[in-house]
Amino acid sequence: MSPVPHKPSIDLVIPVYNEAGVVEQTHARICVAIESLPYDFRFYYVDDGSTDNTVASLESLDDPRVKILALSRNFGHQAALTAGMDASQGDIVITMDGDGQHPPEMIPGMIDLVTQGYDVVQTQRVEEAGPASFKKWTSGLFYRLINAISGTRVLPGAADFRALSRQAVDALKAMPEYHRFLRGMVSWIGFSIIILPYKPAERISGISKYSFSKMFRLAMDAIFSFSLMPLYIGLSMGGLLLCLALAEMVYVLSFWVTGRTSNLAPGWSSLMFVILIVGGILMVLLGFIGVYVGYIFQEVKRRPVYLIKKAEENKHGRT
Ligand code: UDP
Ligand code: MG
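Residues numbered from 1 in each chain as written. Chains lettered and ligands numbered in written order. Predicted model: local features only at pLDDT ≥ 70, side-chain atom pairs only at ≥ 80, totals over all residues. Heavy atoms only, no water.

Under the 1.5 Å per step criterion, the end-to-end length of helix H8 (residues 212-226) is 21 Å for 15 residues, consistent within 8% with the ideal 21 Å. Taken together, the buried positions of H8 are Lys 214, Leu 218, Ala 219, Asp 221, Ala 222, Ile 223, Ser 225 and Phe 226. On the buried face of H8, the contacting elements are helix H3 (77-87), helix H5 (134-149), helix H7 (182-188), helix H9 (229-257) and helix H10 (268-300). (Helix = DSSP H or I, 4+ residues; strand = E, 2+ residues; numbered from the N terminus. Expected span 1.5 Å × (residues − 1). Buried < 20%, exposed > 50% of the residue type's maximum accessible area, 1.4 Å probe, protein only. Contact = heavy atoms within 4.5 Å.)

As structure tokens, then:
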């Protein structure tokens, strides 16, 4: 747990993409929710290359606390969040969507938890037991898969609605990787984390900007940035083929031992053997290359080898 100043300054990072009809309402709602709080707030609206009047809507917000960061094109939600966090300077940073689905009423409670010492206050979407939708089904499948093959646990239903201490933000900034999956990265950095469940509200208006292809790309970023499992597939397949070659050898030998070689189709045993052995060896070699690629991949990601939580001088020790 890291110390938070007595009266922390708070930055709200809100990525928006084609939300022209929405940002005014979002902003008004957040203002109401934080009205009575005695902190200094700053809003970082990150325009993710919108093609509608989002920037004009943001500029028309009559609030000196608002900063607008406009990206040169649509880089995606995760990149927009990163841009906002990089620009932020506050002691506490809260990231949330600009479409009203993340209830701003939770902000005071989240700030309290960070001031109590939590570095990450992570919200978790709890869905009402409604009819199963395609999005729900694919999201459930995704979390099961990523948790099965990755060493970093990703909370099912985790949203990009979270409060972070300065220490946690700096830790995320120290991860310069290009393909970013913040839900995994937040879990990877460690520190003290608390989970708050919430019920997502309806979108204020407009449609979801997460098209199927964007969701698919996010899932790919998560899988390939947090797991080397796909690279080990070659190795396991090769091992499997070599086992099959062995089984075939035993099978053919059993014909020889029992003197039933005439029952074997001519050429079958040698052909099968060659196929299995060659296939197996190729796969194993491919697997080895996969392992090397995996190691290279981890190196080029330039993630820090460790993160320090607290470094203290022993004041009572020797001077
Ligand atoms: N968003 C963004 N860039 C994108 C897609 C979405 O900045 O390429 C923003 C969007 O404006 C919203 C937030 O990210 O504020 C979450 O997106 P959305 O509501 O479309 O996702 P969903 O809630 O459907 O998962
Ligand atoms: Mg949304």
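Let us keep going from here.
On to the packing of H5 against H8. Direction vectors running N to C along H5 and H8 enclose 10°, while the axes themselves pass 10 Å from each other. In this view, H5 runs roughly parallel relative to H8, as classed from their interaxial angle. Contact residues: H5 offers Phe 134, Lys 135, Thr 138, Phe 142, Leu 145, Ile 146 and Ile 149, while H8 offers Phe 212, Met 215, Ala 219, Ala 222, Ile 223 and Phe 226. Looking at the contact of H5 with H8, its residues break down into 11 nonpolar, 1 polar and 1 charged. (Axes fitted to C-alpha atoms, helices over the stretch in contact; angles between N-to-C directions. Parallel < 35°, antiparallel > 145°, perpendicular 65-115°, else oblique. Nonpolar A, V, L, I, M, F, W, Y, C, P; charged D, E, K, R; others polar.)

Mean pLDDT over the protein chain: 88, with 95% of residues reaching 70 or higher. Least confident of the elements in the protein chain is H10, whose mean pLDDT is 86; most confident is strand E4 (residues 92-95), at 97. (pLDDT = per-residue confidence, 0-100.)

We now examine the coordination of the magnesium ion (ligand 2). Protein coordination at the magnesium ion (ligand 2): the donors are Asp 99 (OD) and Gln 101 (OE1), at 1.9 Å from the metal. Taking relative accessible area as the criterion, Asp 99 reaches 5% and is therefore assigned buried. (Donors = N, O, S within 2.8 Å, 3.2 Å for Na, K, Ca; no water.)

A word on the site of ligand 1. The environment of ligand 1 is formed by 18 residues, the closest being Glu 19, Asp 48, Asp 99, Ser 208 and Lys 209. In the model, an oxygen atom of ligand 1 is placed 2.9 Å from a nitrogen or oxygen of the Pro 15 main chain. Residue Lys 214 places a side-chain N or O atom 2.7 Å away from an oxygen atom belonging to ligand 1. Contact with the protein chains hides 92% of the accessible area of ligand 1, taken as 530 Å² for the molecule alone. Here the shell around ligand 1 is composed, by residue class, of 4 nonpolar, 6 polar and 8 charged. (Near = heavy atom within 4 Å. Polar contact = N/O pair within 3.5 Å; in protein donor to acceptor, adjacent residues only side chain to side chain. Areas by Shrake-Rupley, 256 points an atom, 1.4 Å probe, with all protein chains shown as cover.)

In this model, the second largest pocket occupies a volume close to 300 Å³. For the second largest pocket, the lining is made up of 15 residues, of which Gln 298, Glu 299, Lys 301, Arg 303 and Pro 304 are closest to its centre. Listing elements by their share of the lining of the second largest pocket, those giving two or more residues are H8 and H10. A per-element tally of the lining of the second largest pocket places H10 first, with 4 residues. Split into classes, the residues belonging to the lining of the second largest pocket amount to 8 nonpolar, 3 polar and 4 charged. (1 Å grid on protein atoms, 1.4 Å probe; cavity = no way out; pocket = protein on both sides within 12 Å on 5 of 7 lines; lining within 4 Å. Points joined across faces, edges and corners; volume = space filled by probe spheres on them.)

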